[in-house]
Amino acid sequence: MFIFLMLSLLAALTPQEGDTYRFPRYPAGDGTTPNILDLIEGRCFEYLECVPPINSNIECDPDFSFNCTSLVMDFKKDIAYQEPCTLGPDAFEDFVNNTAQEFPPNSHLLWSGTKEISHVYGLFTKRKTLEDSLVGFMMNDVAFCGSVETGFDFRQCPSCQTFSESASGIFWPKASAKFASLASGEVEVVLSASNGGRPSFRNGSIFRSIEVPKLTSSKVSKLTTILVRDLGDNSTTSEHCGAGSLLELKNIMHEKNITFSCEENPNRIRAIQCATNPRAKECIDLFNSDKEPCSSYTAFIVVIVILVVIIIVVFLLSLYYFCVYKHTKDQSDKAKLTVCCNA
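Summary of the structure given here. (Residues numbered from 1 in each chain as written. Predicted model: local features only at pLDDT ≥ 70, side-chain atom pairs only at ≥ 80, totals over all residues. Heavy atoms only, no water.)

### Some details on the overall build of the protein
Okay, step 1: Per the secondary structure count, the protein includes 11 helices and 6 strands.
Okay, step 2: Buried positions account for 42% of the 343 residues belonging to the protein.
Okay, step 3: The long-range fraction of contacts in the protein, counting pairs at least 24 apart against all pairs at least 6 apart in sequence, stands at 79%.
Okay, step 4: For the protein, the exposed area adds up to about 18,600 Å²; of that, 58% sits on carbon and sulfur atoms. (Helix = DSSP H or I, 4+ residues; strand = E, 2+ residues; numbered from the N terminus. Buried < 20%, exposed > 50% of the residue type's maximum accessible area, 1.4 Å probe, protein only. Contact = heavy atoms within 4.5 Å. Areas by Shrake-Rupley, 256 points an atom, 1.4 Å probe, with all protein chains shown as cover.)

If you want it as structure tokens, here you go:
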């Protein structure tokens with residue numbers, strides 16, 4: 001019953017489209033998002049006023065002291081009127097540092113190749129992804145590249161020689177590094193096992209190359225890896241906990257003195273997937289597995305109700321005996337005794 005109710009809620013919240021990478025590959029011809037400075041400043045004010053869009057999972061606080069106008073200027077100065085592929089490694093340093101935000105312990109949620117499902121999962125578990133932080137909320141799904149002539153290129157962002165030279169390729173790794181460095185307590189990460197034969201913990205991913213090095217035992221006590229396999233994926237190349245790249249991740253955490261655990265397709269994740277495809281075999285199996293606990297629970301409740309009824313009946317009978325029957329009998333005995341004495 002719990003899973004059924006959860007699915008009903010998730011059906012309205014889970015995006016229907018496939019998963020995307022943190023760095024969107026914009027099609028040829030796409031340039032900087034129109035009105036980008038107004039857009040990100042407006043998002044900043046929304047965040048600080050705690051009036052985000054529906055289903056958002058931000059960690060807002062009316063007492064935040066961030067200055068939205070100043071933050072937008074921090075972003076603008078490192079990209080506007082600059083050569084788009086030569087920003088340099090120090091670009092966005094002030095912007096990322098000045099939006100740095102502390103989250104409560106045990107609330108960080110990292111992800112790699114599982115953006116959409118991770119965000120829905122975070123919404124229900126109250127864990128925070130980078131996109132739930134101020135800087136992530138401001139820049140999520142925004143395209144940006146500079147232009148020496150016009151400030152921003154709104155027509156087409158050029159293809160740099162390597163992605164790490166582009167504005168997005170500099171900004172997002174830097175924001176991810178700062179976010180991971182602030183993690184504390186127990187951290188969770190959602191990884192994809194359906195990568196077409198590629199490792200779940202793969203070289204070149206932001207999680208492996210940027211975020212994992214920032215996790216330290218002085219702040220992080222445990223990393224829980226949630227391995228997600230797509231519905232209908234019966235591929236023999238899909239990875240499993242305790243093998244392949246997941247074993248590498250376990251060994252790295254061991255060297256860091258951070259406790260490591262791994263779960264494959266837990267019900268709380270599978271329920272999110274089933275919200276958009278309830279007829280999948282894995283979902284039918286999940287529904288069936290939920291019936292037995294419900295039947296056992298119902299049987300338990302029935303037994304308790306029967307016992308309570310029995311106790312009430314016994315109590316009422318006892319009350320009748322002492323208050324009615326015994327009293328009537330005593331009165332009858334007294335009457336008989338009076339007759340005998342008079343005789």
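### Concerning the sheet that holds strand β5 (residues 220–228)
Note: strands within a sheet are paired through backbone hydrogen bonds, in either parallel or antiparallel orientation.
Okay, step 1: Pairing in this open sheet of 4 strands is parallel, and the strands run β1-β4-β5-β6 from one edge to the other. With one partner strand each, in any of the chains shown, β1 (109–112) and β6 (259–264) form the two edges of the open sheet. Taken pair by pair, the neighbouring strands of this sheet meet at an average axis angle of 20 degrees, ignoring direction.
Okay, step 2: Pairing of β5 with β6 involves 6 bridges; the strand directions are parallel. Paired with K222 across the bridge in β6 is T259. (Pairing = 2+ DSSP bridges. Axes fitted to C-alpha atoms, helices over the stretch in contact; angles between N-to-C directions.)

### Examining helix α3 (residues 68–77)
Okay, step 1: Residues of α3 that are buried include every one of C68, L71, V72, D74 and F75, and no others. Buried residues of α3, viewed axially, fall in a sector of 150 degrees; they line one side.
Okay, step 2: Its side-chain oxygen 3.1 Å from the backbone nitrogen of T69, N67 forms the N-cap of α3. (Arc of directions from axis to C-beta. Polar contact = N/O pair within 3.5 Å; in protein donor to acceptor, adjacent residues only side chain to side chain.)

### Section: the pairing of β5
Okay, step 1: Of all 9 residues making up β5, 7 are buried, and the element is well covered by its neighbours.
Okay, step 2: The pairing of strand β4 (residues 185–192) with β5 spans 8 bridges and is classified as parallel. Pairing of V187 across the sheet is with L223, part of β5.
Okay, step 3: Since β4 and β5 lie parallel, the crossover through helix α8 (residues 206–211) that links them has a hand, and here it is right-handed. (Right-handed = clockwise from strand over helix to strand, strands pointing away.)

### Considerations on the packing of helix α2 (residues 36–48) against α3
For any two helices packed against each other, one specifies the crossing angle of their axes together with the interaxial distance.
Okay, step 1: At a closest axis distance of 9 Å, the pairing of α2 and α3 adopts a crossing angle of 140 degrees. Classed by the angle they form, the pair α2 and α3 counts as oblique. The two elements α2 and α3 cross, and the hand of that crossing is right-handed. In contact with I36, L37, I40, E41, C44, F45 and L48 of α2, α3 contributes C68, T69, L71, V72, F75 and K76.
Okay, step 2: The class makeup of the residues in the contact of α2 with α3 is 10 nonpolar, 1 polar and 2 charged. (Parallel < 35°, antiparallel > 145°, perpendicular 65-115°, else oblique. Left-handed = near helix turned anticlockwise from the far one by under 90°. Nonpolar A, V, L, I, M, F, W, Y, C, P; charged D, E, K, R; others polar.)

### Some remarks on the packing of helix α5 (residues 115–125) against helix α10 (residues 267–274)
Okay, step 1: As a packed pair, α5 and α10 sit with axes 10 Å apart at the nearest point and diverge in direction by 115 degrees. Crossing of α5 over α10 shows right-handed handedness. Contacts between α5 and α10 pair I117, V120 and Y121 from the former with R268, I269, I272 and Q273 from the latter.

### Some remarks on the state of the cysteines
Okay, step 1: Tallied over the entire structure, the rule returns 5 disulfides.
Okay, step 2: Here C241 connects covalently by a disulfide to C262, the sulfurs 1.9 Å from one another. Here the S-S torsion is close to -65 degrees, and the disulfide linking C241 with C262 is therefore left-handed. Here C262 lies in strand β6 and C241 lies in the loop between β5 and α9 (244–255), a separation of 21 residues in the sequence.
Okay, step 3: Residue class for C241 comes out partly exposed when judged on its relative accessible area of 24%.
Okay, step 4: A residue is classified by how much of its surface remains accessible, and C262, at 23% relative accessible area, is partly exposed.
Okay, step 5: Put simply, C274 and C283 are joined by a disulfide, and their sulfur atoms are 2.0 Å apart. Looking down the S-S bond of the C274 and C283 bridge, the torsion is -95 degrees, so its handedness is left-handed. In terms of burial, C274 and C283 fall into one category: buried. (Disulfide = S-S within 2.5 Å.)

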